[in-house]
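Coordinate inspection notes
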Amino acid sequence: MDIHIVIVKVDLLGLAALCYLHVLARTGGYIFSLDKWSGKKCYMIAAKRLRIAWGDTPNYWTRKSLLESRFKEAAKLHFVCWLEIRGRIETHMLSPSTTYKAYLVYKLTKRTYGLDWPAVVKVGARAYGFDYECPGLKEITTGIKHTAILVPQRKIQGHLARHHEINEVRFPNESRADGWLEMELGEFHCQGDEDVKLEMICCETSMGKSGLLVQGIEVRPKRI
Ligand SMILES: *[C@@H]1O[C@H](CO)[C@@H](O)[C@H](O)[C@H]1NC(C)=O
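The shown structure was predicted, so the numbers you read here are calculated from the model rather than taken from an experiment.

Notes on the pairing of strand 8 (residues 119–125)
Each regular strand shows side chains that alternate between the opposite faces of the sheet. The buried fraction of strand 8 amounts to six of the seven residues, a majority that puts the element mostly inside the structure. Strand direction decides the pairing type here: strand 8 and strand 9 (residues 146–148), joined by three bridges, are antiparallel. Each bridged residue has a counterpart across the sheet, and for V120 the counterpart in strand 9 is T147. Pairing of strand 8 with strand 12 (residues 197–204), which is carried by six bridges, proceeds in the antiparallel orientation. Considered in strand 12, the bridge of V123 is made with M200.

Considering the nonpolar core
Core analysis: the biggest nonpolar cluster contains 43 residues, and W61, L104 and L212 have the highest contact counts within it. The greatest single-element share of this core, amounting to five residues, is contributed by strand 11 (residues 181–190).

A word on the packing of aromatic side chains
With the rule as written, the count across this model stands at four aromatic pairs. Summarising the aromatic geometry, the rings of Y30 and Y43 are spaced 6.0 Å apart at their centres and angled 75° between planes, so their arrangement reads as edge-to-face. Placement of Y30 in strand 1 (residues 30–34) and of Y43 in strand 2 (residues 41–46) is noted, with a sequence separation of 13 residues between them. Of the two residues, Y30 and Y43, both sit in the buried class. On the numbers, 5.9 Å between centres and 15° between planes, the contact of Y100 with F188 is stacked. On the criterion of sequence distance, the pair formed by Y100 in strand 7 (residues 98–113) and F188 in strand 11 is long-range, its members being 88 residues apart. Both residues of the pair, Y100 and F188, belong to the buried class. By way of ring pairs, the aromatic residues Y30, F32 and Y43 are connected into one cluster. Taking the ring centre of Y103 as reference, the NZ or CZ of R220 above it sits at 3.9 Å.

What to know about unusual backbone geometry
With a phi close to 65°, W54 is a non-glycine residue in the positive phi region. Positionally, W54 belongs in the loop between strand 3 (51–52) and strand 4 (61–65). Its relative accessible area of 48% is what places W54 among the partly exposed residues. A positive phi angle, close to 50°, is found at S97, a residue other than glycine. For S97, the position within the fold is in the loop between strand 6 (83–90) and strand 7. With a relative accessible area of 52%, S97 lands in the exposed category.

Conventions adopted
- Residues numbered from 1 in each chain as written.
- Predicted model: local features only at pLDDT ≥ 70, side-chain atom pairs only at ≥ 80, totals over all residues.
- Heavy atoms only, no water.
- Buried < 20%, exposed > 50% of the residue type's maximum accessible area, 1.4 Å probe, protein only.
- Helix = DSSP H or I, 4+ residues; strand = E, 2+ residues; numbered from the N terminus.
- Pairing = 2+ DSSP bridges.
- Core = buried A, V, L, I, M, F, W, Y, C linked by side-chain atoms within 4.5 Å.
- Phe/Tyr/Trp six-rings, centres within 6.5 Å; stacked < 30°, edge-to-face > 60°.
- Lys NZ or Arg CZ within 6 Å of the ring centre and 35° of its normal.

Quick look at the structure:
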């Protein structure tokens, strides 16, 4: 009898999560799911919900239809010097007493260039203010900046190793189940009693670059 009750509960939870996921995915540009290890909330913020500098200018960025992705479209970079991708989420959407990490989920294309140059990534609380310099970075008042290279370490040239302390640089993880790359943007602890707008950013503004396909930003509990 006990076993029977447990099974029913799991089924209902699964069903509720699926319905919820469907509605959110359609209306909000978020996919909600539960982390299979901890049962805590996870979100994927779709590319169309991200704030991408020049993202509405077709010479620079366009939308690309995807068959294999959970979202119907990704943002495709054709050319920019000013790469600035930001996502936002409010802490009340997340599970309390949990440390989260945020990841940019993307692919490189055959025409990728300029993306082996170090970008800055950060996650933190957002202060209200003007959006001017890349650095929307200045508007994020907490969190630690990190240096990130969007190209896998095995594909970059020796010059980067000479110019940067390679140990301090983040490279993408190539082991996602869906075959996309993920770059850790940062982490934050969600206590549960605060109501903070978190912002996640990836930014590089010094040189021309091309060949990036962005699925979204994933926010999920840190594995301990
Ligand atoms: C990369 O992702 C895999 C699968 O999620 C994980 O097991 C592994 O620890 C990650 N590697 C790094 C360096 O974070």
